Amino acid sequence: MKSFLENTWKHRAHVIMALPVFLILFFIMYVPMAGLIMAFKNFNYSQGIFGSPWCGIDNFKFLIASKSTFISITKNTLMYYIIFTALGTFLNVVLAIAIDQFLFKKVAKTMQTIMIVPVFISYAAVQFIVYAFISTDTGIINHAFNTGIRFYSTASWWPIILTVVKIWNSVGYGSVLYMSVLAGIDTELYEAAQIDGANKWKQIWHITLPSLLPMITVMLLLSVGSVMRSDTGLFYQVTRNSGSLYSTTQVIDSYVLNAILNSPNFGFVAATSLFQSVVGLLLMLFANGMVRKISPDDALF
């Protein structure tokens with residue numbers, strides 16, 4: 001304890017600088033975790049969180065009460081996570097390399113700025129953009145190709161539509177992190193490879209991709225923790241919460257939102273959040289353990 005206090009006093013300037021961030025994290029991320037007790041209570045407004053009666057695991061039973069619905073929303077959540085993560089990571093890396101290798105650097109920076117813009121557009125606005133393309137009566141696609149498809153009542157089209165919207169919204173921003181890694185690669189490596197006769201493709205394969213691999217691994221490990229969570233705005237607003245699309249568009253988060261709007265039950269919400277967090281934590285620990293065995297330097301801990 002004495003050495004800890006001495007070390008803290010020695011680095012007091014750093015401690016003071018970190019204190020605001022620590023307090024923000026503590027009060028926003030950790031203090032609200034006391035509310036997880038609601039997962040095991042029948043929450044009542046008049047009695048408050050700690051005064052509400054205990055109900056054991058009834059809230060968890062309610063989550064899995066409808067076996068078919070629970071399986072469907074879990075399957076959709078995992079399916080979209082895999083699609084978005086795999087395709088998003090691939091396109092992020094490809095886009096970052098393409099911009100980094102672009103000969104006209106000023107044009108590349110302009111393109112990068114333009115591609116980042118979609119991430120700042122709310123899904124409340126994106127839903128109108130999507131509607132302008134796929135609505136039955138006035139949609140651009142139906143008018144251009146004379147398809148007559150009723151997209152908002154045909155569930156089979158929505159895995160494709162949601163993937164396109166998600167990629168459009170996130171890939172430009174996601175590539176920025178990989179570009180920062182590319183900016184730190186020693187140019188002498190490329191020069192040495194060029195002297196040895198390596199063309200651009202070989203330079204990318206033997207220098208660029210290995211340099212990006214640690215960052216790709218870290219990002220994948222971090223994303224595993226959110227495997228049971230989804231972008232509620234994407235699945236609730238873009239689909240306009242159409243009941244006929246639930247078989248392919250309803251995920252755990254949108255299911256919870258619908259449950260809350262129909263019957264406010266904060267104990268159920270807390271139970272669902274705890275379920276998602278525990279599953280995400282276990283999966284992240286498992287994935288990190290696998291990475292640590294294969295490549296210890298790329299593991300998170």
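Structure: above.
Please read all numbers here as calculations on a predicted model, not as lab measurements. (Residues numbered from 1 in each chain as written. Predicted model: local features only at pLDDT ≥ 70, side-chain atom pairs only at ≥ 80, totals over all residues. Heavy atoms only, no water.)

A.B. asks: Summarise the overall build of the protein; cite the residues concerned and give the values.
C.D. replies: A tally of helices and strands in the protein yields 15 helices and zero strands. In terms of overall dimensions, the protein has C-alpha extents of about 75 × 75 × 35 Å along its principal axes. The buried share of the protein, reckoned over its 301 residues, is 36%. Taking as baseline every contact in the protein between residues at least 6 positions apart, the subset at least 24 positions apart corresponds to 66%. As presented, the protein carries roughly 18,500 Å² of accessible surface, and 71% of it is formed by carbon and sulfur atoms. Of the charged side chains in the protein, 18 are positive and 12 negative; the average position of the first set lies 9 Å away from that of the second. (Helix = DSSP H or I, 4+ residues; strand = E, 2+ residues; numbered from the N terminus. Buried < 20%, exposed > 50% of the residue type's maximum accessible area, 1.4 Å probe, protein only. Contact = heavy atoms within 4.5 Å. Areas by Shrake-Rupley, 256 points an atom, 1.4 Å probe, with all protein chains shown as cover. Lys, Arg positive; Asp, Glu negative; His and termini not counted. Charge placed at Lys NZ, Arg CZ, Asp CG, Glu CD.)

A.B. asks: Run through the packing of aromatic side chains, naming residues and quoting values.
C.D. replies: Inspection of the entire model under this criterion finds 13 aromatic pairs. Each ring, one from F40 and one from F60, has its centre 5.5 Å from the other, and the planes form 45°; the classification is tilted. Linking F40 in the loop between α2 (12–30) and α3 (48–51) with F60 in helix α4 (residues 58–63), this pair joins segments that are 20 residues apart in sequence. What makes F40 partly exposed here is its relative accessible area of 29%. Centre to centre, the rings of Y80 and F84 are 5.6 Å apart; their planes meet at 40°, and the pair counts as tilted. Of the two residues, Y80 and F84 both sit in helix α5 (residues 67–101), four residues apart, roughly one turn of that helix. Residue classification places F84 among the buried positions, given a relative accessible area of 15%. Members of the aromatic cluster, connected to one another through ring pairs, are F22, F26 and F27. A cation over an aromatic ring shows up here: R12 above the ring of W9, its NZ or CZ 4.3 Å from the ring centre. Above the ring of Y131, the side-chain terminus of R240 is found at 4.2 Å from the ring centroid. (Phe/Tyr/Trp six-rings, centres within 6.5 Å; stacked < 30°, edge-to-face > 60°. Lys NZ or Arg CZ within 6 Å of the ring centre and 35° of its normal.)

A.B. asks: Which residues make up the nonpolar core, and what values do they have?
C.D. replies: Membership of the largest hydrophobic core comes to 20 residues, with the highest contact counts inside it found for V93, I97, Y178, L182 and L212. Element by element, the count of residues in this core is highest for helix α9 (residues 158–183), at six residues. Excluding residues that lie within four positions of it along the chain, V93 makes contacts with Y178, L209, L212 and I216. Core analysis: the next-biggest nonpolar cluster, separate from the first, contains 19 residues, Y80, V130, W158 and L245 among them. (Core = buried A, V, L, I, M, F, W, Y, C linked by side-chain atoms within 4.5 Å.)

A.B. asks: Talk me through unusual backbone geometry; I want residue IDs and the actual numbers.
C.D. replies: Even without glycine at this site, R240 takes up a positive phi of about 60°. Inspection of the secondary structure puts R240 in the loop between α12 (232–238) and α13 (246–249). Owing to a relative accessible area of 35%, R240 belongs among the partly exposed residues under this scheme.

A.B. asks: Describe in detail the packing of helix α6 (residues 105–116) against α9, supporting the description with residues and values.
C.D. replies: Close contact between α6 and α9 brings their axes to 7 Å; oriented N to C, the two are set at 130°. In this view, α6 runs oblique relative to α9, as classed from their interaxial angle. Contacts between α6 and α9 involve Q112, M115 and I116 on the former and, on the latter, G172, Y173, V176 and M179. Here the residues of the contact of α6 with α9 are counted per class, giving five nonpolar, two polar and no charged. (Axes fitted to C-alpha atoms, helices over the stretch in contact; angles between N-to-C directions. Parallel < 35°, antiparallel > 145°, perpendicular 65-115°, else oblique. Nonpolar A, V, L, I, M, F, W, Y, C, P; charged D, E, K, R; others polar.)

A.B. asks: Outline the environment of L257, supporting the account with residue identities and numerical values.
C.D. replies: Secondary-structure assignment places L257 in helix α14 (residues 252–262). Put simply, L257 and F128 are 129 residues apart on the chain and 21 Å apart in space, counted from C-alpha to C-alpha. Those residues in contact with L257 that sit more than four places away from it in its chain are T232 and Y236.

Everything listed here is a matter of coordinates, which is why it stays silent on function.
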